[in-house]
Amino acid sequence: MRSVVHTRRGDPAEVLDVREEAGRPHPGAGEVLVRLLVRPVHPGDLVAVEGGLPGLPDQESKPLIPGVEGMGVVESTGAGVRAPRPGERVAVFPAPGTWAEYVVVPAERAVPVPDEVGDDTAALMLVNPLTLLMLHRAVEQALDGHDGPVVQTAAGSSVGRLVAARADRQGLRLVNLVRSAAGTRALRELFPAQPVISTSDADWREQVRRATGGEGARAVLDCVGGSLTRDLAALLADGGTLIGYGRLGSGGTALDDLPFVNRGLTIRGVTIWHWTDRTTGQRAEDVAFAVDLARTSPELLEVAARYDLADVRAAVEHARRPGKSGTVLLTSPSEAGGTR
Ligand SMILES: NC(=O)c1ccc[n+]([C@@H]2O[C@H](COP(=O)([O-])OP(=O)(O)OC[C@H]3O[C@@H](n4cnc5c(N)ncnc54)[C@H](OP(=O)(O)O)[C@@H]3O)[C@@H](O)[C@H]2O)c1
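Residues numbered from 1 in each chain as written. Predicted model: local features only at pLDDT ≥ 70, side-chain atom pairs only at ≥ 80, totals over all residues. Heavy atoms only, no water.

K.L.:
Looking at this model, I keep getting lost on the domain arrangement of the protein. Mind explaining?
P.N.:
When the parts come together, some accessible area is lost, and that loss is often what is quoted as the size of the interface. Domain boundaries in the protein define domain 1 (2-125 + 301-331) and domain 2 (135-273). One C-alpha centre belongs to domain 1, the other to domain 2; they are set 30 Å apart. The partner domain 2 presents 8 residues to the 11 residues of domain 1 that form the contact. On the surface where domain 1 and domain 2 come into contact, there are 1 salt bridge. The residue E302 makes a salt bridge to R161 at a minimum N-O spacing of 2.9 Å. In this structure, the connection of domain 1 to domain 2 is made through 3 residue pairs in polar contact (both at pLDDT 80 or more). (Domains from an automatic or database assignment. Contact = heavy atoms within 4.5 Å. Salt bridge = Lys/Arg side-chain N within 4 Å of Asp/Glu carboxyl O. Polar contact = N/O pair within 3.5 Å; in protein donor to acceptor, adjacent residues only side chain to side chain.)

K.L.:
Would you explain the packing of helix α7 (residues 204-211) against helix α8 (residues 228-235) in this entry?
P.N.:
Packed helix pairs are characterised by how far apart their axes lie and by the angle those axes make with each other. Look at α7 against α8: their axes get within 10 Å of each other, and the N-to-C directions meet at 30°. Judged by the inter-axis angle, α7 sits roughly parallel to α8. The hand of the α7/α8 crossing is right-handed. On α8, the residues that touch W204, R205, V208 and R209 of α7 are L228, D231, A234 and L235. For the contact of α7 with α8, a count of residues per class yields 5 nonpolar, no polar and 3 charged. (Axes fitted to C-alpha atoms, helices over the stretch in contact; angles between N-to-C directions. Helix = DSSP H or I, 4+ residues; strand = E, 2+ residues; numbered from the N terminus. Parallel < 35°, antiparallel > 145°, perpendicular 65-115°, else oblique. Left-handed = near helix turned anticlockwise from the far one by under 90°. Nonpolar A, V, L, I, M, F, W, Y, C, P; charged D, E, K, R; others polar.)

K.L.:
Teacher, can you tell me more about the site of the ligand here?
P.N.:
Around the ligand, 23 residues are found, and the nearest of them are S158, V159, I272, G323 and K324. Measuring from an oxygen atom of the ligand, one finds a side-chain N or O atom of S158 at 2.6 Å. Interatomic distance of 2.7 Å between a backbone N/O atom of G323 and an oxygen atom of the ligand. Here the ligand loses 83% of its free accessible area of 920 Å² to cover by the protein chains. Those elements that place two or more of their residues in the shell around the ligand are α2 (43-50), α4 (127-143) and α5 (158-170). Here the residues of the shell around the ligand sort into 10 nonpolar, 11 polar and 2 charged. Counting only domains with at least three residues in the shell around the ligand, you end up with domain 1 (2-125 + 301-331) and domain 2 (135-273). (Near = heavy atom within 4 Å. Areas by Shrake-Rupley, 256 points an atom, 1.4 Å probe, with all protein chains shown as cover.)

Printed below as a string of structure tokens:
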């Protein structure tokens, strides 16, 4: 089995290697073995390799396989598994170790892929749409019945575009922040009804204040963090909520530098890892939403490029490239020769 591994945390371009080993894992009771065809390179996968987020466990010298999501075909099932069946196409999440040719997951984490959903779309079907739902719930709580305004950072990201598309559909007043003029143009083309502002403009803070009607944002959805956090807190109305869900930026802001006491601000984090805390019924509803999004709006699950698993370093370089649009995929050939 081919897999991408790292034995220490660090720059993915340096610490990731491709390994070939004899044999493949076996599914235990209640598990399925999936032969993976496509998996995404998410920013969170790279952060996990780098070890750049507080709260990650130390890596011992044991090799780790990155990746948490992917799609493939069920190869075999363990005792007691009635569905999915061998030969069925499935998307998997949470499935630690998807940057390999095979992964074993509990059967309930293997979601059947409808015939009309292509392999690449299926590989992107779970993490970002489920993140969208978690962000949506956090925003609803923060808005407490109001329709905005909400500011989001890195609005041209794959998740940011899902947020913008939902805002259009639901009449949410959303102000989008990007970091370049090119990013502004690209997003305005996709969402002409929404304000898009670049933090590369000297007066971007003033532009946001105008776009939020002078009242300030009731919520900020932020995946940049770092030194931008202080500016974002200043854009909130009193009583507003800063919702952090990523850390693309550099630098830092000390908690003590934020006026959260005097201005009654709330700071909260959202992570897909807490999605598994939802009840079985809630998770089933969320997955049905994600599958429906993949069926009806595959353009919202855009692919930036495809690389063979062996070219993981080139894939990582592409995934980090400024101005990239969509998500980079890692592929392995199907027996039939190529993916759908
Ligand atoms: N909390 C969770 O559970 C969860 C789940 C999914 C995703 N996320 C987070 O959501 C974020 C977006 O993920 P994605 O997959 O949608 O990303 P993506 O498609 O790879 O897009 C990355 C975007 O971030 C922008 N960006 C990169 N570095 C930046 C910086 N220093 N300052 C401002 N913008 C920057 C890029 O802008 P340019 O176009 O200008 O290059 C690009 O638009 C990531 O932080 C990811 O970790 C979190």
